[in-house]
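A look at the structure
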Amino acid sequence: WGATLRASLDAMTARPLKDFTVVSLLGGLTRASGLNPSEMAWRFADLFSGECYMLAAPVYAPDEQTRAALFAHKGLAEVRARARGADLSIVSVGDFSPQSTIFRYHMLEKADLEGLTKAGAVCDVLCHFIDRDGQLVDHPANRRAMAISPSELVATPQLIVASGGPHKIEGMVAMMKISTPAYVITDSETARGMLAS
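Predicted model, so just to flag it, every value in this text is computed and none were measured.

1. Some details on the overall build of the chain
- In terms of helices and strands, the chain carries 10 helices and eight strands.
- In terms of C-alpha radius of gyration, the chain reaches 16 Å, essentially the compact-globule figure of 16 Å for 197 residues.
- Counting only C-alpha atoms and orienting by the principal axes, one finds that the chain spans roughly 45 × 40 × 30 Å.
- In the chain, buried positions account for 50% of the 197 residues.
- Taking all contacts inside the chain whose residues are at least 6 apart in sequence as the whole, residues at least 24 apart take part in 66%.
- If you sum the accessible surface of the chain, you get close to 10100 Å²; carbon and sulfur atoms cover 53% of it.
- Distance from the positive charge centre (19 side chains) to the negative charge centre (21 side chains) of the chain: 1 Å.

2. Description of the packing of aromatic side chains
- Summed over the entire model, instances satisfying the criterion amount to four aromatic pairs.
- Both rings, one in Phe-20 and one in Phe-44, keep their centres 6.0 Å apart while their planes meet at 55°; by these two values the pair is tilted. Highlighted residues: Phe-20 in the loop between α1 (3–10) and β1 (21–23) and Phe-44 in helix α2 (residues 37–47), separated in sequence by 24 residues.
- Relative to Phe-48, the ring of Phe-44 has its centre 5.5 Å away and its plane inclined at 70°; by these criteria the two rings are edge-to-face.
- By relative accessible area, Phe-48 is classed as buried at 8%.
- Within the aromatic cluster, the residues linked to one another by ring pairs are Phe-20, Phe-44 and Phe-48.
- A cation over a ring is seen here: Arg-80 above Phe-71, with NZ or CZ 4.1 Å from the ring centre.
- Cation over ring: Arg-82 sits above Tyr-53, and NZ or CZ is 4.0 Å from the ring centre.

Calculation criteria
Residue numbering note: each chain is counted from 1, following its sequence as written. Where totals are concerned, whole chains, interfaces and linings use all residues; where local detail is concerned, this predicted model gives features only for residues with pLDDT of at least 70, and gives and counts side-chain atom pairs only at 80 or more. Note that water and hydrogens are dropped before the side-chain values are worked out from all heavy atoms of the structure. Secondary structure elements follow DSSP: runs of H or I no shorter than four residues count as helices, runs of E no shorter than two count as strands, and numbering proceeds from the N terminus. Every radius of gyration here is taken over C-alpha atoms, with the globule rule written as 2.2 Å times N^0.38, N being the number of residues. Burial here depends on accessible area, computed with a 1.4 Å probe over protein chains only, as a share of the maximum for the residue type. Under 20% is buried, over 50% is exposed, and the range in between is partly exposed. Here, two residues are considered to be in contact whenever any of their heavy atoms come within 4.5 Å of each other. Computed with a 1.4 Å probe, the accessible areas rest on the Shrake-Rupley method; for each residue, only the protein chains presented here act as cover. When charges are counted, Lys and Arg are positive and Asp and Glu negative, with His and the chain ends excluded. Here the site of a charge means NZ on Lys, CZ on Arg, CG on Asp, or CD on Glu. Only Phe, Tyr and Trp rings take part, Trp by its six-membered ring, and two of them pair if their centres are within 6.5 Å. Stacked means planes under 30 degrees apart, edge-to-face means over 60, and tilted covers everything else. Sitting over a ring, as applied to charges here, requires NZ of Lys or CZ of Arg to be within 6 Å of the ring centre and within 35 degrees of the ring normal.

In short, geometric facts, not functional conclusions.
Here it is, written out as structure tokens:
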């Protein structure tokens, strides 16, 4: 999800595809938004006349026990299994600042931002926070995320990472340390910054 992936939808030509299924890799927002992960998934599926499986839960569960209970639900367990078995995954790397989508939409609190900063977070991947080496930081938010984990994501046969902007360079570099994407879609300034890191 994110502004980059949302903008890509407007550049795609709708056409039916055979045996095409889209699976949302993370939960959604509880209020309507153009950046809602659920909307991204079904709009993408609709462009190609495909089925859409959505992770019908909030991006963050209130605690680890609730997360486990939600993922134990038959329907959500199926979506998670489908996400883990995807042929191709498209993701964005989230920046780590008070202006990032996660904090602008109040999915996490200011205290979480401070705790994640102390833990060494530089970006998020599917609402999981990683450090500059691409490793999950030790923080409760990572244990409450209703999403597949970065380690599950990078096992996808074909991974596409689409993100851009100078504020994403550190996060993009961290993502490259744990994955070998089939494609990286970014702007020239971010690409130069990544190569210089």
